[in-house]
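Examining the three-dimensional arrangement
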Amino acid sequence: MKFKKGDMLLLLIVLIAAISYFGLNYIYKETGEKTAVISVNGKEYDRIDMNKLKEEKYVHIDLEEGRHIDIVINAEGAYVSDVICPDKICVKTGIINKVGESIVCLPNRVQIFIEGNEKPEVDSVSQ
Ligand SMILES: [Zn+2]
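The text that follows walks through the structure, step by step, so that each part is easy to find. On a predicted model such as this, the values are computed, not experimentally measured, just so you know.

**Considering the overall build of the protein chain**
Along the protein chain, the regular secondary structure elements total two helices and seven strands. What you see in the protein chain, going N to C, is helices and strands ordered as α-β-β-β-β-β-α-β-β. Long-range pairs, those at least 24 residues apart, make up 29% of the contacts in the protein chain between residues at least 6 apart in sequence. When the accessible surface of the protein chain is split by element, carbon and sulfur atoms take 58% of a total near 9,200 Å².

And the structure:
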């Protein structure tokens, strides 16, 4: 099998394209934007850019019937720090920090969702 000059050039272009693709992919993942989106009753309540977060952000939401939920968002991720909630599943969920993860407080109809352009870790099951 012999390569012509044109083939070599094509091969080189493909190779460069492949390297830059994977290189970009790597950088892309490293700098992936992350936004914590808080919604109450299905409506967006607040969104916090997790990349620009310099200090811990504390979100206190007053809910119906005198209930409340306190959410903390910091460099580690987002979690429910305090809530008046019958099942406390939202607190038990703990800290979330990956794109696609969410905390749901069903009784209070509050959801915290991390959205962004970071690729979700598909192989997290095999870990
Ligand atoms: Zn809850």
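So, next bit.
**Observations regarding the coordination of the zinc ion**
Protein-derived coordination of the zinc ion comes from Cys85 (SG), Cys90 (SG) and Cys105 (SG), at a distance range of 2.2 Å. For cysteine 85, a relative accessible area of 9% translates into the label buried.

**Here we look at the pairing of strand β1 (residues 34-40)**
Regular strands show a simple pattern: their side chains alternate between the two faces of the sheet. Most of β1 sits inside the fold, with seven of its seven residues counted as buried. Examined bridge by bridge, β1 and strand β7 (residues 110-116) share seven bridges and lie antiparallel to one another. The residue bridging valine 37 from the neighbouring strand is phenylalanine 113, located in β7. Where β1 lies against strand β2 (residues 43-49), six bridges are found, and the strand directions are antiparallel. In the sheet register, valine 40 faces β2, and the bridge partner there is lysine 43. The turn linking β1 back onto β2 is made up of two residues, and asparagine 41 within it adopts a positive phi angle of 55°.

**Re the pattern of salt bridges**
Once the charged atoms of two side chains with opposite charge are near each other, the side chains can pair. Taken as a whole, this structure holds three salt bridges when the rule is applied. Across the pair glutamate 44 and arginine 47 runs a salt bridge whose closest N-O atoms are separated by 2.8 Å. As a salt-bridge pair, aspartate 49 and lysine 52 come within 3.6 Å of each other at their nearest N and O atoms. Judged by its relative accessible area of 27%, aspartate 49 is partly exposed. Through salt bridges with shared partners, a single ionic network connects Glu44, Arg47 and Glu115.

What counts and how
- As a convention, each chain's residues are numbered from 1 in the sequence order in which they are written.
- Residues qualify for local features only when their pLDDT is at least 70, as the model is predicted, and side-chain atom pairs are given and counted only at 80 or more; totals for whole chains, interfaces and linings, by contrast, use all residues.
- The basis for every side-chain value is the complete set of non-hydrogen atoms in the structure, without hydrogens or water.
- Under the scheme used here, helices are H or I runs from DSSP no shorter than 4 residues and strands are E runs no shorter than 2 residues, and both carry numbers assigned from the N terminus.
- Between two residues, a contact is recorded if the distance between any of their heavy atoms is within 4.5 Å.
- Values of accessible area rely on a 1.4 Å probe in the Shrake-Rupley scheme; residue burial ignores everything except the protein chains shown.
- Donor selection uses N, O and S atoms within 2.8 Å of the metal (3.2 Å for Na, K and Ca). Since no water is included, sites may look incomplete.
- Only protein chains enter the accessibility calculation, which uses a 1.4 Å probe; a residue whose area is less than 20% of its type maximum is buried, one above 50% is exposed, and one in between is partly exposed.
- The pairing criterion is simple: DSSP has to find at least two bridges between the two strands.
- A pair is scored as a salt bridge if a Lys or Arg side-chain nitrogen falls within 4 Å of a carboxyl oxygen belonging to Asp or Glu.

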